[in-house]
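Per-entry structural report
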Amino acid sequence: MNHQESLTAYIAAFVSELVLTGITDVVVSPGSRSTPMAMVMAEHPDLNVHIHVDERSAAFFALGMAKAQNKPVAILCTSGTAAANYFPAIVEAKYSRVPLLVLTADRPHELREVGAPQAIDQLHLYGHQVKWFADMALPDKSTEMLRYARTICARAAAIATQAPAGPVHLNFPFREPLIPKMDESLFSLSERTKGYVRVKNGSLAIHDEEFIEIAEELAGKEKGIIVCGNIADEEFAKAVTSLGAKLNYPILADPLSQLRSGSHEFENIVEAYDTFLRNEDAKSFLKPDVVLRFGAMPVSKALTIFLKENHDAIQYVVDGGGGWRDPSSVSTDMFFCSETLFCEKLLIHLDANSSSNYLDNWRRVNQLTKESMAVIRDVRELSEGKLFYQLADLLPEESTLFVGNSMPIRDLDSFFLNNPKSIKVMANRGANGIDGTVSTAIGAAIFRKSLYLVLGDLTFFHDLNGLIAAKLYDIDIHIILINNNGGGIFSFLPQSEHPKHFELLFGTPLNINFEYAVKMFNGHYSRIANWEQLEDLLKQSHHQKGIHVYEVETNRDRNRDEHRDYWRSVSQEISNLVNGLKKCM
């Protein structure tokens, strides 16, 4: 049998099925062994091929595309360490539940473990970080093998999207010669032109009897809270706010829950908890009997500690992905059910809670905290806290805010308040690392217009090469670079109490002039001198094309002191309010 014909038919069958599963985008990193797959992909009229020369950045770029679309994106690379460079993004995809189809080219079986160049052991290369792995058969044009290629493709795409979504790895061994036969009949399919096998994924659900029991258990329980972490379902906001209104429970909305910005009701949404749950008087006063938790674990450490300290409360955890999101082992009930469906079904069986005393107390404490927070407006120096406090005012309607890890995501949690602008908030909070942040944001920017990335200097440096995708594909992105010359988060951790080697081991100042790096990628750079300049630039930003970087220089020590002074000041006011409310009860 002709090798070229077998190679071509087999790969064409796979790529055809790839498109029929609904995958429209693939990120390809150039290489020799992946040549046949890359050439066939480039030929398909319904597949968008994005070239990215750095596999590590390429995988995060695809991750951002998949996050923005809530659908799988494929990545393709050659054999050897190219595949190993995918690993960080695959880990993030697993823990943030993002569907990726990972395609790695490999040496054929006879060239494995015999000293052949660019050959490493790629079998189960990513271990338990992928949902499924298959070492593909060698190309063959027999009817059975074409069916095999198409079936594996459909199966892989379905598994990637099946809750909890995540990465799937297919390893393709190819013999030389590697050039496929490119002609007009490349994608002519002889059977099942609408997809060889269609896989329908359903949502997890529990029986109606369970909802009746939950409703009965919640009846008369006034002291309840709803905690919402990262959730991608656009229907969830309406469902959970309706549930909160019927129960008269406050909704503690993580910034990634998409509940702090939008057109839904805000009456029950509490967003300043990261500040007031540091106060012992508030925690004691607001102690719940019931906790309903949806989505990923919240960003706030103060909230996580609060949930852990209330281990005697009824704690429901609802997870549409069927995972086990309970690091503190405080849950009393685990429900593997779509979060939106859970809210909608429970609403049917619930009687309205007539008392709002407990909810009102949460609102009062939240409102006082927000009023106290307003003093940050008067800060004249460039300040990390004030930056996030002003973001909702500075960003345009329906923009996307992508936030880096370490201090930026924590400041977002503390200072980004409820607003009606429908600002979508994104971050890589699966493994919570700083790697690949620029690449992920740029990938998301393809589908999320008016995207603003806010990150620290170490995070920016860690993925500077990610900017190449924005340059090559004319992707518009606005980057607010907070430069405190090192790892600002460590100033808040116990390591800071040991100054002898602090700067060497944790502060890690880089002393980089980022202007030259930005211009290397044809980007536009501005060093921010004051708040008025930043406001003017951001007001003009949504009309501008290309890469725009706004560098805001801050001081780590001053930032730490500002945060601590703010928390102390607000804490005293909260204690006064709580003690006053107790006397009135």
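What comes next is a walk through the structure. (Residues numbered from 1 in each chain as written. Predicted model: local features only at pLDDT ≥ 70, side-chain atom pairs only at ≥ 80, totals over all residues. Heavy atoms only, no water.)

1. Observations regarding the sheet that holds strand β15 (residues 451–456)
Judged by pairing direction, the sheet is parallel, and its six strands sit side by side in the order β14-β13-β15-β16-β18-β17 without closing on themselves. Edge positions in the sheet fall to β14 (424–426) and β17 (524–527), since each has one partner strand and no second. Between one strand axis and the next, the sheet turns by 20 degrees as a mean value, whatever way the strands run. Here four bridges tie β17 to strand β18 (residues 547–553), and the two strands are oriented parallel to one another. Among the inter-strand pairings, Tyr 525 is bridged to a residue of β18, identified as Val 549. Across the sheet, helix α14 (residues 384–394) touches β13 (400–403), β15 and β16 (477–483), and the angle it forms with β16 is around 155 degrees. Lying over the sheet, helix α21 (residues 531–541) contacts β15, β16, β17 and β18, oriented at roughly 160 degrees with respect to β18. (Pairing = 2+ DSSP bridges. Helix = DSSP H or I, 4+ residues; strand = E, 2+ residues; numbered from the N terminus. Axes fitted to C-alpha atoms, helices over the stretch in contact; angles between N-to-C directions. Contact = heavy atoms within 4.5 Å.)

2. Topic: a nonpolar patch on the surface
A grouping of Ile 51, Val 53, Leu 472 and Tyr 473 is seen on the molecular surface, where their side chains present a nonpolar patch of about 350 Å² in accessible area. When you line up the elements, Leu 472 lands in helix α18 (residues 467–473). (Patch = residues over 30% accessible without salt bridge, like charges linked within 9 Å, V, L, I, M, F, W, Y side chains within 5 Å. Areas by Shrake-Rupley, 256 points an atom, 1.4 Å probe, with all protein chains shown as cover. Salt bridge = Lys/Arg side-chain N within 4 Å of Asp/Glu carboxyl O.)

3. Observations concerning the pattern of salt bridges
Where charged atoms from two side chains of opposite charge come close, those side chains can pair. Under the counting rule described, the total for this entry stands at 26 salt bridges. The partner of Asp 274 in a salt bridge is Arg 278, and the shortest N-O contact between them spans 3.1 Å. You can call Asp 274 buried: its relative accessible area is 4%. When its relative accessible area of 39% is taken as the criterion, Arg 278 is described as partly exposed. We note a salt bridge from Glu 309 to Lys 283, for which the minimum N-O separation is 3.1 Å. Pair noted here: Glu 309 is in helix α11 (residues 301–309) and Lys 283 is in helix α10 (residues 280–285), with a separation of 26 residues, a long-range link. Each of the salt bridges in this network shares a partner with another, and the network as a whole consists of Arg 97, Asp 319 and Arg 325. (Buried < 20%, exposed > 50% of the residue type's maximum accessible area, 1.4 Å probe, protein only.)

4. Some remarks on the side chain of His 44
Among the structural elements, His 44 can be located in the loop between α2 (35–43) and β2 (48–51). A residue is classified by how much of its surface remains accessible, and His 44, at 10% relative accessible area, is buried. Of the polar contacts made by the side chain of His 44, one reaches the backbone nitrogen of Asp 46; its length is 3.1 Å. Ignoring sequence-local partners within four residues, the contact set of His 44 consists of Val 15, Ser 16, Val 19 and Phe 187. (Polar contact = N/O pair within 3.5 Å; in protein donor to acceptor, adjacent residues only side chain to side chain.)

5. Considering the sheet that holds strand β4 (residues 100–106)
The six strands are arranged β2-β1-β3-β4-β6-β5 in an open sheet whose pairing can be described as parallel. In this open sheet, the two strands that pair with only one neighbour each are β2 and β5 (132–135). Here the average twist between neighbouring strands, direction ignored, is 20 degrees. As paired elements, strand β1 (residues 25–28) and β2 share four bridges and run parallel to each other. When the bridges of β2 are listed, Asp 25 appears paired with Asn 48. Those strands touched by helix α3 (residues 55–69) are β1, β2, β3 (73–77) and β4, and its axis lies near 170 degrees from that of β3.

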